[in-house]
Amino acid sequence: METRMTRTFHPVGQGAFYTEQFGREGDGSDFCIVYDCGTKTSQEHVDREKVVKDALGNSSQPVDILFISHFDEDHVSMIGELVKSRLIKRVVLPLLPIEEKAVLQAYYNEVGNDIGRRLLVNPVELFDNETVVLYVEPSGNEPINLSRNLVEKTRDLPQDADVVILKPDGEQVNAGAGQPVSIPSGATIFMPRHSWCYIPHNYEYPQRHQDLLNALAKRTDIDSASLGDASYVDSKLTELNEVYGSLKGGINENSMLVYSGPLECPIVRPYLWRSIIWGGCEIDCWREDRPACVYSGDADFKKVKIHEVYGSFWKNVGTVQIPHHGSGRSFSADFLDKGDRPYLCPVSTGYQHCHPSSSVLKDILIRHSFPLLVDYCPSSRLVQLIWYGE
């Protein structure tokens, strides 16, 4: 039976809100994921409640997985609207060291990012008591290698099975509501009904973390051993914000990537991009062999080598979300020189900081790929429609 997947980059301006919805041909959507859900664009230009409603419709269908790349306001500010509108069954977010959580907690308190602060302190409290919370452990640029045992396990799963989470060695992860569970970077979140998977990667920045530890060690007015206590952190907001301000570039570079695509590589079944809709235009039959997308949040491509991390899946990737709204400070075009070009490169534009950078757009274009700008205008919405069969 044929599956239809609709991948949408929603027009929220200075923000990030991406969805994928799956269904059988002739039926409605029966599986939905969200990657980030936030904006800093004014309510005048982006009606947050309407954007969420338009994206997910009037049905009561739950969000099966909410991926949160990091906790900055422009990536999480609409999660409140999302929670009010429907059940979120699973939340997947990056696991941060205690020291980084504490400094970000203080910073978010200062700038008024309440949702980001609550996600850091106690994400379970923010969602329904049925929601499963999964933390993704940090890792480096090592390639994700899945065991043959894991691939064989997915082939034996019944088609009506719910989401299955497998560690890279094939061990199944049992996760229930109420108590967060940690999974390694490179774990496979597999959807048997539609033969699709999600593979998160939380890149570790060891030098930046060491800089933070050194800055904290210089402070005699901060007890680092107490930073795991949210109430203690609240009593040291001024001191911790001084530490945050002393760090070069801040510490918000931690941004969890997610591969969305087929588990097999090379692909053994046909995938057909029936159409791509952007700027009011429709393009038929883009590619048949590269339906996968890598979502990057605000990752630093000068440090995170996505084509190495997802090396065994890279031949499947035809779409890469450009990080940090197209900032030149965190962009490297290395991945565009790998695999089979062209790539589609959605950019959620951030005019607040004059993003995207002209140099980023140039780097993409001279490599025969396509930067597709998604701002707050509804006509800039980017939709990819992909069909595939058994």
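Attention here is on the structure that accompanies the text. (Residues numbered from 1 in each chain as written. Predicted model: local features only at pLDDT ≥ 70, side-chain atom pairs only at ≥ 80, totals over all residues. Heavy atoms only, no water.)

### Structural notes on the nonpolar core
Working step 1: By size, the foremost hydrophobic cluster in this structure holds 46 residues, and its most contacted members are Leu 66, Ile 68, Ile 79, Leu 82 and Leu 119.
Working step 2: No other element matches helix α4 (residues 98–111), which puts five residues into this core.
Working step 3: Residue contacts for Ile 68: discarding those within four places in its chain leaves Asp 36, Val 76, Ile 79, Val 91, Val 92, Leu 93, Pro 94, Leu 119 and Met 256.
Working step 4: Judged by nonpolar contacts, the second largest core, of 36 residues, contains Ile 33, Val 132, Val 163 and Ile 165. (Core = buried A, V, L, I, M, F, W, Y, C linked by side-chain atoms within 4.5 Å. Buried < 20%, exposed > 50% of the residue type's maximum accessible area, 1.4 Å probe, protein only. Helix = DSSP H or I, 4+ residues; strand = E, 2+ residues; numbered from the N terminus. Contact = heavy atoms within 4.5 Å.)

### Observations regarding the side chain of Ser 260
Working step 1: Here Ser 260 shows up in strand β12 (residues 257–261).
Working step 2: A polar contact is formed between the side chain of Ser 260 and the side chain of Glu 20, at a distance of 2.7 Å.
Working step 3: In this structure, Ser 260 is in contact with Arg 7, Glu 20, Trp 196, Cys 197, Tyr 198, Ala 292, Cys 293 and Tyr 295, ignoring residues within four places of it in sequence. (Polar contact = N/O pair within 3.5 Å; in protein donor to acceptor, adjacent residues only side chain to side chain.)

### Examining the packing of α4 against helix α10 (residues 237–246)
Working step 1: Two numbers describe how α4 lies on α10: the axes approach to 8 Å, and their chain directions differ by 105°. Taken together, α4 and α10 sit at an angle that is classed as roughly perpendicular. Facing Ala 102, Val 103, Leu 104, Ala 106, Tyr 107, Asn 109 and Glu 110 of α4, the residues of α10 in contact are Leu 237, Leu 240, Asn 241, Val 243 and Tyr 244.
Working step 2: Taken together, the residues of the contact of α4 with α10 break down into nine nonpolar, two polar and one charged. (Axes fitted to C-alpha atoms, helices over the stretch in contact; angles between N-to-C directions. Parallel < 35°, antiparallel > 145°, perpendicular 65-115°, else oblique. Nonpolar A, V, L, I, M, F, W, Y, C, P; charged D, E, K, R; others polar.)

### As for the packing of α4 against helix α5 (residues 114–121)
Working step 1: One can describe the packing of α4 onto α5 by two numbers: an axis separation of 8 Å at closest approach and a directional angle of 155°. Between α4 and α5, the crossing angle belongs to the class labelled roughly antiparallel. Taken as a pair, α4 and α5 cross one another with a handedness that is left-handed. Across the interface between the two elements, Lys 101, Leu 104, Gln 105, Tyr 108 and Asn 109 of α4 pack against Gly 116, Arg 117, Leu 120 and Val 121 of α5.
Working step 2: When grouped by side-chain class, the residues that make up the contact of α4 with α5 number four nonpolar, three polar and two charged. (Left-handed = near helix turned anticlockwise from the far one by under 90°.)

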